[in-house]
Amino acid sequence: MTSIKSGVVGYPVAHSLSPRVHGFWLKEHGIDGEYARYEVKPERLGDFLEHLDAIGLAGCNLTLPHKEEALNFMDELDASAKAIGAVNTVVVREGKRIGSNTDAHGFIQNLRDHVALQDYLEHAVVLGAGGAAKAVVYGLLEAGAKHITLMNRTRTKAEAIAAQFGARVDVSEWGYWEAFADASLLANTTALGMQGKEPLTLSLDALPKAALVTDIVYTPLETELLTAARTRGNVAVDGLGMLLHQAAAGFEAWFGIKPTVSKNVREATLKVMG
Ligand code: ATR
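Residues numbered from 1 in each chain as written. Predicted model: local features only at pLDDT ≥ 70, side-chain atom pairs only at ≥ 80, totals over all residues. Heavy atoms only, no water.

Novice: Can you explain the pairing of strand 10 (residues 185–188)? Please cite residues and give values.
Specialist: In the case of a regular strand, side chains alternate between the two sheet surfaces. Every second residue of strand 10 is oriented toward a common face, with Leu 185 and Ala 187 on one face and Leu 186 and Asn 188 on the other, all of them buried. Sheet analysis places strand 7 (residues 124–127) next to strand 10, joined by 4 bridges and oriented parallel. What sits directly across from Leu 127, in strand 10, is Asn 188. With 4 bridges connecting them, strand 10 and strand 11 (residues 212–215) associate as parallel partners. Paired with Leu 185 across the two strands is Leu 212, which belongs to strand 11. (Buried < 20%, exposed > 50% of the residue type's maximum accessible area, 1.4 Å probe, protein only. Helix = DSSP H or I, 4+ residues; strand = E, 2+ residues; numbered from the N terminus. Pairing = 2+ DSSP bridges.)

Novice: Provide a residue-level description of the pairing of strand 9 (residues 169–173), including the pertinent values.
Specialist: Both strand 8 (residues 148–152) and strand 9 contribute to a ladder of 5 bridges, which runs parallel. Bridging across to strand 9, Thr 149 finds its partner in Asp 170. Read as a crossover between parallel neighbours, the route from strand 8 over helix 7 (residues 155–165) to strand 9 is right-handed. (Right-handed = clockwise from strand over helix to strand, strands pointing away.)

Novice: Can you break down the nonpolar core residue by residue, with the values?
Specialist: General note: in soluble globular proteins, nonpolar side chains tend to be found buried as a group. Membership of the largest hydrophobic core comes to 36 residues, with the highest contact counts inside it found for Phe 107, Leu 140, Ile 148 and Leu 185. Put simply, the parts of the chain that give this core at least two residues each are helix 4 (79–84), helix 5 (103–114), strand 7, helix 6 (131–143), strand 8, helix 7, strand 9 and strand 10. The contact partners of Leu 140, leaving out residues within four places of it in the chain, are Phe 107, Ile 108, Leu 121, Ala 124, Val 126, Ala 145, Ile 148 and Leu 185. By size, the runner-up hydrophobic cluster in this structure holds 19 residues, among which are Val 13, Val 21, Val 91 and Leu 240. (Core = buried A, V, L, I, M, F, W, Y, C linked by side-chain atoms within 4.5 Å. Contact = heavy atoms within 4.5 Å.)

Right, dumping it as structure tokens:
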């Protein structure tokens, strides 16, 4: 039997943790497979994707800056890729490239690992309005969120997402932290608070203690937002599980085994994060 191959395509791609994650699962399950890094310049992306099959890849993950451009080179898009407007996972099936976006699934599954999510879906406040925010909003709506409020520095970007996703999504002004007053869930999808970026400066004073707080930033694992939330008594969930669960969906599609997002894979990933 020939070995199954996949990998992550980005530019740059050296920083990607995905090879470590997939490498761990391949070894854990004794699969004769490979998951590599492919550094592909934006102008070469179409050519690369059109030759996935010829290169012998069962599919790939896409990372910055390719997630949106990749939409143009898929034979089929699933509902998540269409709604989010970005592809992070490609599966080649009978010669066809099928694009999906597993970020929303990763976000939701990570929360489900820690809490009974249905208890937190009354009113979610989402910080940010980039690609990650779209995935989070899509995931929350699919999970049954009743009301989502988007807050973003550039308000028009939040309004565009709200308009796309319909009546359950509205917008509040960035900096109006009183909007947290009846939130049951607060999610940061901006890069603020990430190592090397500006801090996320906000006030949690209005946030109910019963609200769930999560951050998609996982470097550092324990962001200031999560620490502040835990300190005042909120349940807080870090973002590493989102990375692992979004990866697990692709792994299952290419290699045929559903991997477990275990403590061991978390630790192996954290080890390379330093
Ligand atoms: P991604 O697609 O990965 O989510 P992005 O599109 O660059 O990344 O989005 C980054 C998010 O962080 C945006 O919501 C951005 O706000 P703007 O839309 O106003 O740019 C937010 N962000 C970045 N720097 C910020 C800052 N200093 N203060 C507030 N928000 C910030």
